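A look at the structure
One-letter residues, chain by chain:
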Amino acid sequence: MSASSTTVGPELFDYLAARTRDEDDFLRDLKTNAEAEGIPPIWISPEQGSFLQVILKLAKVRRVVEVGTLAGYSAITMARALPDDGRVDTIELEPKHADFAEKWVAKSDVAGKVVVHRGSGSDVMRTLEPDSADAAFIDADKAGYGDYLGEALRIVRVGGLILCDNAFAFGRLLDESSTDESVQAIRDFNDRVASEPRLHGIIMPIGDGCWVGIRES
């Protein structure tokens, strides 16, 4: 037993990734086709996908609200961890991205478990009922994270999960010379989550850092 933490550097992370369930051919094809159609090559890593699936299964999640669909990679990944009557409601602002995601969801093994909603994250979230979801996954424009968190705390039931990607701000979180507005938005967001009394959360050092929080009240 050790009283200190082991720092996870590149070699240890590669070791971890090599022993984590990888993405399948369908998700690889999705990424290839997304890039070919000009969709930004931004998606969770395979290890992060496996982590999300494990935690959703442990929490027996049935309904997930996702902010930021992009190509649909994470929505499909999460839907695969849900029971037969589970559903991912994913929100996308860009019509081109929503079209692509809908096409690939329809071809996937979870076609009946993912619904793509078009519009801004905040606008669509405001239409959702309080305490109607078991989990929320926030992975969209960083300036909007604060608003999305506020809505997630309303939508996700007590005991549910609130998950937020990019807590490490694209690897620039501790770069004091960075003037990127998205980096500063993540710094402010991290401080807000850490002090939010309704959440018990921790940043998991996987992917670009992922907040995992339980809504306690």
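To start, this report covers the structure provided alongside it. (Residues numbered from 1 in each chain as written. Predicted model: local features only at pLDDT ≥ 70, side-chain atom pairs only at ≥ 80, totals over all residues. Heavy atoms only, no water.)

1. Concerning helix H5 (residues 95-107)
What counts, and what does not: The secondary structure listing takes helices from DSSP runs of H or I that are at least 4 residues long and strands from runs of E that are at least 2 residues long, numbered from the N terminus. By this rule the span expected of a helix is its residue count minus one, scaled by 1.5 Å. In this scheme, a residue with accessible area under 20% of its type's maximum is buried, one over 50% is exposed, and one in between is partly exposed, where area comes from a 1.4 Å probe on protein chains only. An arc is given here, and it is the one of the directions from the helix axis to the C-beta atoms. By definition in these notes, contact holds between two residues if any of their heavy atoms fall within 4.5 Å.
End to end, H5 covers 19 Å across 13 residues, agreeing with the expected 18 Å (1.5 Å per residue, within 8%). Of the positions making up H5, those classed as buried are His97, Ala98, Phe100, Ala101, Trp104 and Val105. Looking down the long axis of H5, one finds its buried residues gathered within 165° of arc, a one-sided arrangement. Buried-residue contacts for H5 involve helix H2 (25-36), helix H4 (73-79), strand E2 (87-92) and strand E3 (114-118).

2. Notes on a nonpolar patch on the surface
Note the following rule: A patch consists of residues whose relative accessible area exceeds 30% and which take part in no salt bridge; residues with like charges are grouped when within 9 Å of each other, and nonpolar side chains (Val, Leu, Ile, Met, Phe, Trp, Tyr) when within 5 Å. In this description, accessible areas are obtained by the Shrake-Rupley approach with a 1.4 Å probe, and a residue is regarded as covered only by the protein chains that are shown. For this document, the term salt bridge refers to a Lys or Arg side-chain nitrogen within 4 Å of an Asp or Glu carboxyl oxygen.
Taken together, the side chains of Val8, Leu12 and Tyr15 make up a nonpolar region of the molecular surface, amounting to roughly 290 Å² of accessible area. Relative to the helices and strands, leucine 12 is located in helix H1 (residues 10-18).

3. Considerations on the state of the cysteines
How we decide: Disulfides are defined in this document as cysteine sulfur pairs within 2.5 Å.
Inspection of the entire model under this criterion finds zero disulfides. Here cysteine 164 is not disulfide-linked; the sulfur of cysteine 210 is the nearest cysteine sulfur, at 7.4 Å. When its relative accessible area of 2% is taken as the criterion, cysteine 164 is described as buried. Residue classification places cysteine 210 among the buried positions, given a relative accessible area of 0%.

4. Some points on H2
An ideal rise of 1.5 Å per residue puts 16 Å on twelve residues; H2 measures up with 16 Å between its terminal C-alpha atoms. The complete set of buried residues in H2 reads Phe26, Leu27, Leu30, Lys31 and Ala34. Looking straight down H2, one finds its buried side chains confined to an arc of 140°; they lie on one side. In H2, the exposed residues that point more than 90 degrees away from the buried face are Asp25, Thr32 and Ala36. Buried residues along H2 sit in contact with H4 and H5. Glycine 38 sits one or two residues past H2 and shows a positive phi near 80°.

5. Description of the packing of helix H7 (residues 145-155) against helix H8 (residues 181-195)
Put simply, the rule is: Between the N-to-C directions of two axes lies an angle of 0 to 180 degrees, each axis being a line fitted to C-alpha atoms and, for a helix, fitted only over the stretch in contact. Angle categories: roughly parallel below 35 degrees, roughly antiparallel above 145, roughly perpendicular from 65 to 115, and oblique for all the rest. Polar here means any residue other than Ala, Val, Leu, Ile, Met, Phe, Trp, Tyr, Cys and Pro, which are nonpolar, and Asp, Glu, Lys and Arg, which are charged; Gly is therefore polar.
Interhelical geometry of H7 versus H8 gives an angle of 25° and a closest axis separation of 10 Å. Between H7 and H8, the interaxial angle falls into the category roughly parallel. Across the interface between the two elements, Tyr145, Gly146, Leu149 and Gly150 from H7 touch Ile186, Phe189, Arg192 and Val193 from H8. Residue composition of the contact of H7 with H8, by class: five nonpolar, two polar and one charged.

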